[in-house]
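Okay, here's what each chain looks like letter by letter:
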Amino acid sequence: MAVITIREALNQALAEEMRRDENVFLMGEEVAAYQGAYKVTKGLLQEFGEKRVIDTPIVELGFAGLGVGAAMAGLRPVVEFMTFNFSILATDQIINSAAKMLYMSGGQFNIPIVFRGPNGSAFQVSSQHSQALESWYAYFPGIKVVMPSTAADAKGLLKSAIRDDNPVIFMEQERMYGNKGEVPEDEDFTIPLGVADIKREGKDATIVARSLMVPVALKAAEELEKQDVSCEVIDPRTIRPLDIETIINSVKKTNRLVIAEESHPFCGVAAEISAEVMERAFDYLDAPVRRVTGADVPMPYAKNLENLAIPGVKQIVDAVREVAYI
């Protein structure tokens, strides 16, 4: 095991997969000469050259379409968006081409492409750069949506995403790039898509959290342990496909569910999980499912208002106490 940052884990995954398969190449804004806007692609241009690490113009629709075409031709592109907010400009290629090509071609074309970059809030970059877009992409059949929360998950899931024969939206969290964790040094280390991880065992309430909310939920669970409330924390890791069985099994054990997410509440992933749990495990619930979400407003710029718009430990603790009738 090596203790590295999420940024370094992603870099390792990219380098290892590019060495493993010469069809893997990287393209996006500032990925080459500048070493990546967040230094995730540091050193890759020097090792693999300008034919496999390609700086693109600032035209997301154009280079996303180029990536889809390359995938149709048998290559395995990894397309970096400087932020997933910019991917909005490329959604025609992502949704109407990448997600649907296998189906519309009658199985003739796989699209082994990864779209990756930071998702969700950063630090005071205001509304247009702080959106959590996972529920949007997860809505469409044909796309897999992945959201790692630890360095090990980042590496193992990205390697699996690159090897997958389907389009994968790989959403990192800008605030978490510097977070450190233990990562296996085995170059064959992968984590399968669609398998949740129980980050903490517990018996009194289940907290489902992803990405930025995972460390927040773990801190909340520690606080609740002091109040004699044992919380199980589950990280789905993959939003689509969703490992709902792990969540259901936990709810059957704890009889209570709180879902924490950074994104907006309306039509969110938490709403989908809540509906699935109500359909599959209603008789096991001792309290209504409780959602803890970001504020249903555009992200403010002012630091004090930004802090209010993003869920914290207190909100999760209060929600668990509510479902536990404390």
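Residues numbered from 1 in each chain as written. Predicted model: local features only at pLDDT ≥ 70, side-chain atom pairs only at ≥ 80, totals over all residues. Heavy atoms only, no water.

## A look at the packing of helix H3 (residues 60-72) against helix H5 (residues 91-98)
The contact between H3 and H5 brings their axes to 8 Å, and the two run at 25°. Considering the angle they form, H3 stands roughly parallel to H5. Contacts between H3 and H5 pair Leu61, Ala64, Gly65 and Val68 from the former with Asp92, Gln93, Ser97 and Ala98 from the latter. A breakdown of the residues in the contact of H3 with H5 according to their chemical character gives four nonpolar, three polar and one charged. (Axes fitted to C-alpha atoms, helices over the stretch in contact; angles between N-to-C directions. Helix = DSSP H or I, 4+ residues; strand = E, 2+ residues; numbered from the N terminus. Parallel < 35°, antiparallel > 145°, perpendicular 65-115°, else oblique. Contact = heavy atoms within 4.5 Å. Nonpolar A, V, L, I, M, F, W, Y, C, P; charged D, E, K, R; others polar.)

## Here we look at the pattern of salt bridges
Following the criterion strictly, the structure yields 27 salt bridges and no others. Between Glu16 and Lys159 there is a salt bridge; the shortest N-O distance is 2.8 Å. Here the residue Glu16 occupies a position in helix H1 (residues 6-20), and Lys159 occupies one in helix H8 (residues 151-163), the gap between them amounting to 143 residues. The pair formed by Glu16 and Lys159 is uniform in burial state, with each residue classed as buried. For Arg76, the salt bridge is made with Asp165, and the minimal N-O distance between the two is 2.4 Å. Separated by 89 residues along the polypeptide, Arg76 in strand S4 (residues 76-80) and Asp165 in the loop between H8 and strand S7 (168-173) bring together distant segments of the chain. Given the relative accessible area of 36%, Asp165 is considered partly exposed. (Salt bridge = Lys/Arg side-chain N within 4 Å of Asp/Glu carboxyl O. Buried < 20%, exposed > 50% of the residue type's maximum accessible area, 1.4 Å probe, protein only.)

## Remarks on the layout of surface pockets
A volume near 280 Å³ is recorded for the largest pocket. Around the largest pocket, the lining residues are Ser135, Ala138, Tyr139, Ile239, Arg240, Leu242, Cys267, Gly268, Val269, Ala271, Glu272 and Glu276. Of all the secondary-structure elements, those providing two or more residues to the lining of the largest pocket are helix H7 (134-138), strand S12 (238-240) and helix H11 (269-281). Per-element accounting of the lining of the largest pocket gives the leading share, four residues, to H11. In the lining of the largest pocket, the residues fall into seven nonpolar, two polar and three charged. Each of domain 1 (2-183) and domain 2 (197-323) contributes no fewer than three residues to the lining of the largest pocket. As a volume, the second largest pocket reaches approximately 220 Å³. The wall of the second largest pocket is formed by Gln131, Ala132, Leu133, Ser135, Trp136, Ser263, His264, Phe266, Cys267, Gly268 and Asp296. Broken down by class, the residue content of the lining of the second largest pocket amounts to five nonpolar, five polar and one charged. Two domains each put at least three residues into the lining of the second largest pocket: domain 1 (2-183) and domain 2 (197-323). (1 Å grid on protein atoms, 1.4 Å probe; cavity = no way out; pocket = protein on both sides within 12 Å on 5 of 7 lines; lining within 4 Å. Points joined across faces, edges and corners; volume = space filled by probe spheres on them. Domains from an automatic or database assignment.)

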